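Analysis of the macromolecular model
Letter by letter, the chains look like this.
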Amino acid sequence: PTALVEFGEFNTGLSRYTLQMNSTQKLIWDGTSTALVLGDINTPFSSIFAVHRGRIYIARNNDIKFNALNLTTDWTTANEAGSIDITNAKGNITGMGEYADHIVVFTEYSMHELYGTSPVNFQLVDIEGNVGCVSNRSIVKANNRLYWMWHDGVYQYGGGTPVKISDPVQDYIKAINPDQRTKIVGGSIGDFLYMAIPSGTATNNDLILKYDTRLEKWYVEEGNFRDFVTFENAFYGLDSTGFVWNMRR
């Protein structure tokens, strides 16, 4: 496909599925057969989704659609599948991820947490303040904390209030091309957080801000990376030409 897609893993008992989604595709693959359409007409198209405890949560404007427990084909059964309205959302959802056994949801100017595992015990909590997320692909976990990019920098969250940690590299943050900020992508391995950004007039990511979460130190590296993935004990980056790099040997 020409449009960027997001991937996720969904496991139910002995079955393991790969999800591939964006604004025009929603596919599910069991590893052997041909990929099939995920869900039905009630399943929204979106590149913003998260998987947690047998459910797939998909962003749909300013609400979240979810499936029945462990059933990727059921998105309508009452008290099993349904939707959650982010009533205090400040705009449409711009990011979502799983963290500390719950779902974290962002708009451009707000942050929310969804606790629980089913419609009977879901609890939505609004995080005070106007901090949101500008790129769903920037959301990443590292060293038991959640990190992401907002307008004015990189934020860290471990409960309570999110904290901006990127002051030492603020000049690079200010120079991010605002028209390309949704391409910002994060990755992590061990104590290290990586955030690839488009600087100046660049139309793709051309710099990497690397953060040592243990020593709390920032480093700046060059590199045209559009995606990162951690696989077992290895960390790989996909550059703008399609070449895969081992980022840490």
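What comes next concerns the included structure. Model, not experiment: these values are computed from the prediction. (Residues numbered from 1 in each chain as written. Predicted model: local features only at pLDDT ≥ 70, side-chain atom pairs only at ≥ 80, totals over all residues. Heavy atoms only, no water.)

**Overview of the pairing of strand 7 (residues 63-66)**
In strand 7, alternate side chains face the same way, and those of D63 and K65 on one face and I64 and F66 on the other are all buried. Relative to strand 7, strand 6 (residues 55-60) runs antiparallel, the two sharing four bridges. The residue bridging R60 from the neighbouring strand is D63, located in strand 7. Taking the residues between adjacent antiparallel strands as the criterion, strand 6 and strand 7 are bridged by two residues, where N61 takes a positive phi near 60 degrees. For strand 7 and strand 8 (residues 82-85), the ladder comprises four bridges, and the chain directions are antiparallel. (Buried < 20%, exposed > 50% of the residue type's maximum accessible area, 1.4 Å probe, protein only. Helix = DSSP H or I, 4+ residues; strand = E, 2+ residues; numbered from the N terminus. Pairing = 2+ DSSP bridges.)

**A word on the sheet that holds strand 11 (residues 111-115)**
Overall, antiparallel pairing links the four strands, which are arranged 9-10-11-12 in an open sheet. The sheet is open, and its two edges are formed by strand 9 (93-99) and strand 12 (123-127), each paired on a single side. The mean inter-strand angle of the sheet, taken between neighbouring strand axes irrespective of direction, is 20 degrees. Looking at chain direction, strand 9 and strand 10 (residues 102-107) are connected through six bridges and run antiparallel. Counted as the bridge partner of M96 is V105 from strand 10. (Axes fitted to C-alpha atoms, helices over the stretch in contact; angles between N-to-C directions.)

**Topic: the nonpolar core**
Residues F106, L146, W148, M149, V154, M195 and I197 are the most contacted members of the largest nonpolar core, which totals 31 residues. Mapped onto this core, the elements with two or more residues apiece are strand 10, strand 13 (140-142), strand 14 (145-150), strand 15 (153-157), strand 18 (192-197) and strand 19 (207-212). Looking at this core, the element that brings in the most residues is strand 14, giving five residues. Counting residues in hydrophobic clusters, the runner-up holds 15 residues, among them Y57, A59, I64 and I93. (Core = buried A, V, L, I, M, F, W, Y, C linked by side-chain atoms within 4.5 Å.)

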